[in-house]
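Observations on chain architecture
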Amino acid sequence: MADEMLDEYEQGEQARKWLKENALSLVLGVALGLAGLVGWQQWQVYQLMHKAEAAVEYDALISELGAGLAATEQRSTDLAENYSDTAYATLAQMHLAAQYLAEDNREQAIAAYQEAVRVAALPQLRSIAQLRLARLLLADGQAQEAINQVAGLSDGAFAGAAKEVEGDALVAIGKTDEARLAYQSALDSLQSDYGLRQMIDMKLKALGES
């Protein structure tokens, strides 16, 4: 019994000695842990506020679409500069491009779509912007640039539309054999979009047999 009491006493002394030697480290560890937790919570609050501010700015842009091009330019520039990590920056640039096109300013519309691609925070939005940019480049006579723009869209939900644009661009520069392959690849990628499949099939048949 005495031995057991001695063992407990020795264990207690060792524990107190360890606490004394490591007290500062323990306190610092707890403090850092709490600081990290607080910091993480503050970061989450900041992110929510940041996105909310971007949403307000975007809503203002939408409400001012009929007020003239200058207002849209200012809002879209602000979103691109300060909120490029949100989807609103890309959406704003695409609205700006649409307004430029409404005024038949194709050059500025191309620049707006290029900016939309640059600031895109979501892959899906980037793909949409790239497709619109590629079609606009093709309409502007820049067929090779259009091909380059959709080159990275060979996979995923946008593969069929990308291959269609590639086929159109290849037809424009006289590469009909390659265009057939692109159109066929587009058809192979599309499973349920009957309307688009029908249009691509018509383009393919218009090229005739290889």
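Here, the structure is the one placed above.
Parameters at a glance
- Residues numbered from 1 in each chain as written.
- Predicted model: local features only at pLDDT ≥ 70, side-chain atom pairs only at ≥ 80, totals over all residues.
- Heavy atoms only, no water.
- Helix = DSSP H or I, 4+ residues; strand = E, 2+ residues; numbered from the N terminus.
- Buried < 20%, exposed > 50% of the residue type's maximum accessible area, 1.4 Å probe, protein only.
- Contact = heavy atoms within 4.5 Å.
- Core = buried A, V, L, I, M, F, W, Y, C linked by side-chain atoms within 4.5 Å.
- Phe/Tyr/Trp six-rings, centres within 6.5 Å; stacked < 30°, edge-to-face > 60°.
- Arc of directions from axis to C-beta.
- Salt bridge = Lys/Arg side-chain N within 4 Å of Asp/Glu carboxyl O.

Attention shifts here to the overall build of the protein. A count of helices and strands for the protein gives 9 helices and 0 strands. N-terminal to C-terminal, the α/β element order of the protein is α-α-α-α-α-α-α-α-α. Counting across all 210 residues of the protein, residues that qualify as buried make up 32%. Contacts spanning at least 24 positions in sequence make up 50% of the contacts within the protein whose residues lie at least 6 apart.

Moving on, we get to the environment of valine 117. Locating valine 117 in the fold gives a position in helix H4 (residues 106–119). Using a relative accessible area of 15% as the deciding quantity, one classes valine 117 as buried. Ignoring anything within four residues of it in the chain, the contact list for valine 117 reads Arg126, Ala129, Gln130, Leu133 and Gln149.

Bringing the nonpolar core into the picture now. With 38 residues, the main nonpolar core has Leu131, Val150 and Ile200 as its most contacted residues. With 7 residues, helix H5 (residues 123–139) is the largest single contributor of residues to this core. Once residues lying within four places of it in the same chain are set aside, the contact partners of leucine 131 are Val150, Leu153, Phe158, Ala161, Ala162 and Val165. Core analysis: the second largest hydrophobic core is formed by 9 residues, Ala54, Leu61, Ala92 and Val119 among them.

Here the focus is the packing of aromatic side chains. This structure, assessed with the given rule, holds 1 aromatic pair. Residues tyrosine 58 and tyrosine 88 carry aromatic rings whose centres are separated by 5.3 Å and whose planes lie at 40 degrees to one another, so their mutual orientation is tilted. On the criterion of sequence distance, the pair formed by tyrosine 58 in helix H1 (residues 2–63) and tyrosine 88 in helix H3 (residues 87–102) is long-range, its members being 30 residues apart.

This part is about helix H6 (residues 143–150). Helical geometry: 3.6 residues make up each α-helical turn, so side chains three or four residues apart lie on a common side. Those residues of H6 lying buried are Ala143, Ala146, Ile147, Gln149 and Val150. The buried residues of H6 occupy one face: seen down the axis, they fall within an arc of 160 degrees. Where H6 is buried, its residues meet H4, H5 and helix H7 (159–172).

What follows concerns the environment of valine 171. Here valine 171 shows up in helix H7. Ignoring any residue separated from it by four or fewer positions in sequence, one finds valine 171 in contact with Ala179, Tyr183 and Leu207.

On to the pattern of salt bridges, then. What the rule picks out here adds up to 9 salt bridges. Put simply, aspartate 140 and arginine 106 hold a salt bridge, and the shortest N to O gap is 3.6 Å. Taken together, the residues aspartate 140 in the loop between H5 and H6 and arginine 106 in helix H4 connect sequence positions 34 residues apart. With relative accessibility at 31%, the residue arginine 106 sits in the partly exposed group. Across the pair arginine 180 and aspartate 177 runs a salt bridge, and its minimum N-O distance is 2.5 Å. Of this pair, arginine 180 and aspartate 177 both sit in helix H8 (residues 176–189), 3 residues apart, roughly one helical turn. On the basis of relative accessible area, arginine 180 is assigned to the buried category, the value being 13%.

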